Amino acid sequence: MQNLEKPKLVMIGNGMAGVRCLEELFKLSPDLYDVTVFGAEPHPNYNRIALSPVLAGEQSLDEIILNPLSWYEEHRISLHLGFEATRVDRSERVVYAKNQQGQEVQARYDRLIVATGSMPFMLPLEGVNLQGVLAYRDIADTLAMIEAAKHYQNAVVIGGGLLGLEAANGLMKRGMKVTVIHVAPWLMERQLDPVAGALLEKSLVQRGLQFKIGAHTDKLIGNEKGRVCQVALKGGDEMIDADLVVMAVGIRPNTALAQSMRLHCDRGIVVSDTMQSVTDPKIYALGECASHRGVVYGLVAPLFEQGKVLANHLAQMGIARYTGSITSTKLKVTGIDLFSAGEFMGLSASAISNAHDLAQDQEVEEIVLSDPHEGVYKKLVIKNDRLIGACLFGDTVDGSWYFKLLREGTHVAEIRDKLMFGESNLGDVGHEGHSKAQSMRDEDEVCGCNGVNKGAICKAIKEKGLFTLEEVRKHTKASASCGSCTGLVEQILMFTSGGDYSSTPKKKAICGCTDVSHQEVRDAIKAQRLIAMGSVFETLAWRTPNGCQTCRPAINYYLLSTWPKLAQDDPQSRYINERSHANIQKDGTYSVIPRMWAGETNSGELRRIADVVDKYKIPTVKVTGGQRIDLLGVKKEDLVNVWKDIGMPSGHAYAKALRTVKTCVGSEWCRFGTQDSTQMGKDLERALWRMYAPHKVKLAVSGCPRNCAEAGIKDVGIIGVDSGWEIYIAGNGGIKTEVAQFFVKLKTAQEVLEYSGAFLQLYREEGWYLERTCHYVSRVGMEFVREKILNEPQTRQALWERLKFSLDGEPDPWFEFEKAKVDLRQFTPVEIQ
Amino acid sequence: MNQKNLLNPDWVSIGHLQDIAPLGCRRVKRPQGVKGGEVAVFRAEGDRIYAVLDACPHKGGPLSQGLVFGARVACPLHNWTFDLSSGQVQSPDQGCVQTFSVKVENEEIFLDRNELMNPDAFLQVH
């Protein structure tokens, strides 16, 4: 751009969606625009979701400010607080705004964001203009309600939806006697099915709220001072005393200004997948006022997603697309557990008019658990072996897990019988003992890897205004290492940041350098014949010149596994262990594990190992779980000589590659043995060593069903039986203990090699980087793997041939330095005289 | 030690650009008998050369072994990520690593001997 003056970006609206978009923009391109913001409220951007805790007296107003005024100054934003935009001249590109004192300001724009949010809907009742009749939308409303609770006794809330119930709960906590008038046959009819709605009513009545369900308000009656004093219901002479009436019957996208600008609106301002208005290319809209593919979103996570997409376009990256979100709901009334997501109505969908023909759909099934005594109700809606909806009351501990299954469209046929009992019943050790995130004490540890307790996570969420799992990871490190506590952290996030939390993106970007997912990178590399990292970055428009520590190792692996012998390995894109071919330890020394074929060794090898331990003063020698010997505390300078002196092949214990093939002694020695498991193990290990994979790969072979080699928790486990070999796949002994599933029974050793190899090659070609076989198989479904390997002999043979082709002539990095591209300079430091 | 020395760099060659792999690193030992640990010399994006202390302020991890991208390095132990030019760790982690002056002339890389000889200078200057 020749122009020295920066282009002008103006935003109408100062709410959560718009300001998040600016934050994302500043991250990508901090100095691109002169930014002006008009906010009708006299406050900087605050967390609207937290108004309910403020009303209930659980948080203060200061605590819910997300961007203090200093933030606006820091980014040199011209902020006009208390100014409502009154008119936009699209031909001159000027926004005019006015405050309550009648002052007027104007701002020219090159690009305009309309983020006017929504307006509460006021029923056109007689008496609606009386004093003491409020909506529940912003700080002013909340303060007015708190004030009223100090002076008056009786409150009526019209509307038993999410917002209405939160308002009722807050007013009750402040000492008022509250009646909720709700027109539909059950509470929260848009988020709950009838059963859960009735349970909710029961537990709220126990807390002291009163309800008029299925009742229509007739009019509001005022006293002589002009303040509301009673509410009259239709069809009877029932009158309810009310000194305060809160109307929470819904919100409407605030499109008045947009309509005056002649932007095309349906329910909201119609925008494309890039959040651009369809009328004027210089104008964008997002948040509760925007209508995307016919949907207006009201929850925070989809709006943040929109903000991210819009920021990407404003920063002239031009690659992000918003494709819609699935949302979930959680009520922020302390002590009541309630969760719903997706098509939760299931078979009762016909009960409400706006649901589609779901009930007619033959493939929709429901699994329901109901325990009225304990106040627990769970309903899961399944279609085509995938979870499409969930509605939980009383026990929502698995809400985030169900939401994840739903979002990712996971195949659930195999876990169907256990689905209802939650993730902890799938044998996931990370979740055992934590029955409910809510019942945990603040000092209870959540993340065992990084020593983060519940209190620290809650504090970070509240103080820093965190909304996503990613943000919690960054700020607290919780769930940032092994990830086994992810479900728990998501639950805490839900409880703490409240109902509108949901992790919307259906696909996950590899890292911050891009918006594309692992699968999209794999597909592009294959379809577009990309064989170098640079062309991947270019074709997929990476935001960084050479990626980061997350994406580069993944892409390097994808290139090598897709184009063996063609793509060049890039050692600088491998983690240190794979670059120095040894495992780095906490003090910066390394460990060395030589390969012992199937765990068998001899006096010559042991003698050489012993000599090396003495010669290089290696402090610790340990037998590993994979039947090998680990030398710990080797200095980096010594690595090359240690390898040479030991004279055994690399054990690849440091790599995302084939690690060990563990065996029992088998029929050669064991009196129970039915098969020669050691020889089978050696054959497998010799066939598969040097095999890089998305993650580490471990095998085991047992000679009889006593299974001394523990084949049940390996990626491929083989058990000898009298008539041949049984193959089990996708087991895991790590973070997520997973028992391997029976795959096939085979007769000959040659078949064992072919089937095992074909499965591993399928995983190598399709797995996402750092995805273990158990995760891969659960993602694609066991049926898919069976189909490819068992039912399609040609596919299986082709996979096995491709694996052999890939591994043929691969170097041993401990000896063939040049071929394995080992940079020897790394082992010797530069000396200064 | 003498503050004056720090203002008059005494450049000492540690090798050529080609001695470091692109997006790679070499460790440099301080002169014999000088305490303070090794220095990691990086060849970052665009062949820019940076030198920092080879010890992460978090748990002492050798930054020389980390993955380099842009002008940054990720510690191999716990992934703390540092800006190589300022030595600042990327938020939300907090801390910084000592940086060293570097001169590159005709692809030859120099460090300042005075700086290498003064392990405590970092504390005095900053």
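Each value, and the rule that gives it
- Residues numbered from 1 in each chain as written.
- Chains lettered and ligands numbered in written order.
- Predicted model: local features only at pLDDT ≥ 70, side-chain atom pairs only at ≥ 80, totals over all residues.
- Helix = DSSP H or I, 4+ residues; strand = E, 2+ residues; numbered from the N terminus.
- Buried ≥ 20, exposed ≤ 12 C-beta atoms within 10 Å, placed from the backbone.
- Contact = placed C-beta atoms within 7 Å.
- Axes fitted to C-alpha atoms, helices over the stretch in contact; angles between N-to-C directions.
- Parallel < 35°, antiparallel > 145°, perpendicular 65-115°, else oblique.
- Nonpolar A, V, L, I, M, F, W, Y, C, P; charged D, E, K, R; others polar.
- pLDDT = per-residue confidence, 0-100.
- Pairing = 2+ DSSP bridges.
- Core = buried A, V, L, I, M, F, W, Y, C linked by C-beta atoms within 7 Å.
- Domains from an automatic or database assignment.
- Left-handed = near helix turned anticlockwise from the far one by under 90°.
- Expected span 1.5 Å × (residues − 1).

Caption draft 1: Seen up close, the overall build of chain B. What chain B contains, in helices and strands, is 3 helices and 10 strands. Taken from the N to the C terminus, the helices and strands of chain B come in the order α-β-β-β-β-β-β-β-β-β-β-α-α. Out of the 126 residues belonging to chain B, those deemed buried represent 40%. When contacts within chain B are restricted to residue pairs at least 6 apart in sequence, those whose partners lie at least 24 apart make up 47%.

Caption draft 2: Quick peek at the overall build of chain A. Counting its secondary structure elements, chain A contains 24 helices and 36 strands. Looking at chain A as a whole, 47% of its 833 residues are labelled buried. Once local pairs closer than 6 in sequence are excluded, the contacts in chain A between residues at least 24 apart make up 61%.

Caption draft 3: Representation of the packing of helix H21 (residues 749-766) of chain A against helix H24 (residues 793-807) of chain A. All names here are of chain A. Running from N to C, H21 and H24 point in directions that differ by 80 degrees, and their axes come no closer than 8 Å. Regarding the angle of H21 to H24, the classification is roughly perpendicular. Contacts between H21 and H24 involve Glu754, Tyr755, Gly757, Ala758, Leu760, Gln761 and Leu762 on the former and, on the latter, Arg796, Leu799, Trp800, Arg802 and Leu803.

Caption draft 4: Highlighting the interface of chain A and chain B. Taken together, the contact pairs 22 residues of chain A with 31 residues of chain B. Along the lines of polarity and charge, the residues of the side of chain A that touches chain B split into 8 nonpolar, 8 polar and 6 charged.

Caption draft 5: How the structure looks around the confidence of the model for chain A. Residue and element names in this part refer to chain A. Residues at a pLDDT of 70 or more form 93% of chain A, whose mean pLDDT is 88. The low-confidence segment residues 350-359 (pLDDT under 50) makes 13 contacts with residues lying over four places distant or belonging to another chain. This stretch, residues 499-506, has a pLDDT under 50; its non-local contacts, to residues over four places away or in other chains, come to 28 contacts.

Caption draft 6: Fine view of the sheet that holds strand S7 (residues 81-83) of chain B. Residues and elements named next belong to chain B. As summarised here, the arrangement of the 3 strands in space is S5-S6-S7, forming an open sheet in which the pairing is antiparallel. Edge strands, defined here as strands with exactly one partner in the open sheet, are strand S5 (67-69) and S7. Averaged over all neighbouring strand pairs, the angle between strand axes comes to 25 degrees, with direction disregarded.

Caption draft 7: Focus on the nonpolar core. The biggest cluster of nonpolar side chains holds 111 residues, and the ones touching the most others in it are A:Val701, A:Ile718, A:Ile727, A:Ile729, A:Phe759, B:Val41 and B:Phe42. The residue makeup of this core includes at least three contributed by each of domain 3 (518-574) and domain 4 (656-811) of chain A. Discounting residues that sit within four places of it in the chain, A:Ile729 has contacts with A:Asp715, A:Val716, A:Ala740, A:Gln741, A:Phe743, A:Phe759, A:Thr773 and A:Val777. Counting residues in each nonpolar core, the second largest holds 74 residues, with A:Leu9, A:Met11, A:Leu257 and A:Val452 among its members.

Caption draft 8: Quick look at the sheet that holds strand S3 (residues 39-43) of chain B. Residue and element names in this part refer to chain B. One open sheet accounts for 4 strands, arranged S2-S3-S4-S8; its pairing is antiparallel. In the strand order of this sheet, the two ends are held by strand S2 (24-28) and strand S8 (99-100), each with one partner. Relative to S3, S2 runs antiparallel, the two sharing 5 bridges. Looking at the pairing, arginine 26 lines up with valine 41 of S3.

Caption draft 9: Region of the structure containing the environment of A:Pro68. All names here are of chain A. As for its placement among the helices and strands, proline 68 is situated in the loop between helix H2 (51-55) and helix H3 (69-74). In this structure proline 68 comes out as partly exposed when scored by C-beta crowding, with 13 C-beta atoms within 10 Å. Considering only alpha carbons, one finds proline 68 and histidine 43, 25 residues apart in sequence, at a separation of 9.0 Å.

Caption draft 10: Examining helix H9 (residues 399-408) of chain A more closely. Of all 10 residues in H9(A), 8 are buried; the element is thus mostly enclosed. All of the buried residues in H9(A) are A:Gly399, A:Ser400, A:Trp401, A:Tyr402, A:Phe403, A:Leu405, A:Leu406 and A:Arg407.

Caption draft 11: Representation of unusual backbone geometry within the structure. The phi torsion at A:Arg293 lies on the positive side, around 50 degrees, for a residue other than glycine. Looking at where A:Arg293 falls in the secondary structure, it is placed in the loop between strand S20 (290-292) and helix H8 (300-314).

Caption draft 12: Representation of the packing of helix H1 (residues 16-28) of chain A against H8(A) in the model. Residues and elements named next belong to chain A. Running from N to C, H1 and H8 cross one another at 40 degrees; their axes reach a closest spacing of 8 Å. With respect to each other, H1 and H8 are oriented oblique. H8 is crossed by H1, and the crossing has right-handed handedness. Contacts between H1 and H8 pair Met16, Ala17, Arg20, Cys21, Glu24, Leu25 and Leu28 from the former with Val300, Leu303, Phe304, Gln306, Gly307, Lys308, Leu310, Ala311, Asn312 and Leu314 from the latter. Along the lines of polarity and charge, the residues of the contact of H1 with H8 split into 11 nonpolar, 3 polar and 3 charged.

Caption draft 13: Region of interest: the confidence of the model for chain B. Looking at chain B as a whole, its pLDDT mean stands at 87, while 90% of the residues score no less than 70. Predicted complex, confidence summary: ipTM 0.88, pTM 0.62.

Caption draft 14: Representation of helix H18 (residues 603-615) of chain A. When the terminal C-alpha atoms of H18(A) are compared, their 18 Å separation across 13 residues agrees well with the 18 Å that a helix rising 1.5 Å per residue should span. Remark: A:Lys617 follows H18(A) within two positions and exhibits a positive phi of approximately 50 degrees.

Caption draft 15: Region of interest: the pairing of strand S14 (residues 228-233) of chain A. Residue and element names in this part refer to chain A. Sheet topology places strand S13 (residues 217-222) next to S14; 5 bridges connect them, and they run antiparallel. Following the sheet pairing, lysine 219 is matched in S14 by alanine 232. Across 3 bridges, the pairing between S14 and strand S15 (residues 239-241) is antiparallel. In the strand pairing of S15, alanine 232 is matched with methionine 239. Taking the residues between adjacent antiparallel strands as the criterion, S14 and S15 are bridged by 5 residues, where glycine 235 takes a positive phi near 70 degrees.

Caption draft 16: Just the pairing of strand S24 (residues 376-383) of chain A, in detail. Residue and element names in this part refer to chain A. Within S24, 6 of the 8 residues are buried, which leaves the element mostly enclosed by the surrounding structure. When strand S23 (residues 364-371) meets S24, the two strands line up antiparallel, connected through 8 bridges. Following the sheet pairing, glutamate 366 is matched in S24 by valine 381. Connecting S23 to the next strand, S24, in antiparallel fashion are 4 residues, including glycine 375 with a positive phi near 70 degrees. Between the end of S24 and the start of strand S25 (residues 386-393), which pair antiparallel, lie 2 residues, with asparagine 384 showing a positive phi angle near 50 degrees.

Caption draft 17: Representation of the environment of A:Val822 in the model. All names here are of chain A. Structurally, valine 822 can be placed in the segment after H24. With 21 C-beta atoms packed within 10 Å, valine 822 lands in the buried category. Along the primary structure valine 822 and glutamate 578 are separated by 244 residues, whereas in three dimensions their C-alpha atoms are 9.5 Å apart. With residues near it in sequence (within four places) discarded, valine 822 still touches His581, Pro813 and Phe817.

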